[in-house]
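Residues per chain are reported as follows:
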Amino acid sequence: MRGLMLAALVAFPSVALAQNYEGSYVCSQGMTKLTLTVQQKHGSTSFVLFAFGPSPLNPNVPEGSFMMQGTLSDSMMQLTPMNWVKEPYGFSMIGLVGTSTDGKSYQGNVVASIPGCSTFSVVKK
């Protein structure tokens, strides 16, 4: 049994990435600071921490964070929310769908069931 478990770990490795992307997104609260941290990658699925908070243009936004999963390649980003890590009152989790021409910066749309959300933009740090 132990040999089968070790073989499964070798066949499906988990790669710790710790890549950071910083930028902003727009929803009903206004422009909001956004940090995406790629924490793990299993095959083609990435697990990402979505952290948000105040921006210079919108200093009253509370800090919050949630986990996401999805695809993150050199040309596209498609991430869906999973679960809250830190949930501020009145906020909802959102998804992201975007593209990249250089694999370092992504722009696209915020995917949400709430009105007022529109776009996001992040750059690899």
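Residues numbered from 1 in each chain as written. Predicted model: local features only at pLDDT ≥ 70, side-chain atom pairs only at ≥ 80, totals over all residues. Heavy atoms only, no water.

## Remarks on the packing of aromatic side chains
All chains considered together, the criterion is met by 8 aromatic pairs. Summarising the aromatic geometry, the rings of F52 and F91 are spaced 5.2 Å apart at their centres and angled 25 degrees between planes, so their arrangement reads as stacked. Remark: F91 occurs in the loop between strand 5 (76–86) and strand 6 (95–99) and F52 occurs in strand 3 (residues 45–53); sequence separation between them is 39 residues. Note on accessibility: F52 and F91 belong to one class, buried. By the ring-pair criterion, three or more aromatic residues cluster together here, those being Y25, F50, F52, F66, W84 and F91. (Phe/Tyr/Trp six-rings, centres within 6.5 Å; stacked < 30°, edge-to-face > 60°. Helix = DSSP H or I, 4+ residues; strand = E, 2+ residues; numbered from the N terminus. Buried < 20%, exposed > 50% of the residue type's maximum accessible area, 1.4 Å probe, protein only.)

## Thoughts on the nonpolar core
Counting residues in hydrophobic clusters, the biggest one holds 23 residues, and the most contacted among them are Y25, L36, F50, M77, L96 and F120. At the level of elements, strand 1 (14–27), strand 2 (30–42), strand 3, strand 4 (64–72), strand 5, strand 7 (105–111) and strand 8 (119–124) are the ones that each hand at least two residues to this core. Among all residues touching F50, those that are not within four sequence positions of it are Y25, L34, T35, L36, G64, S65, F66, M68, I94 and L96. (Core = buried A, V, L, I, M, F, W, Y, C linked by side-chain atoms within 4.5 Å. Contact = heavy atoms within 4.5 Å.)

## Notes on the confidence of the model for the protein
For the protein, the mean per-residue pLDDT works out to 87, and 86% of the residues sit at or above 70. Averaged pLDDT values for the elements of the protein fall to 37 in helix 1 (residues 2–11) and rise to 98 in strand 6. (pLDDT = per-residue confidence, 0-100.)

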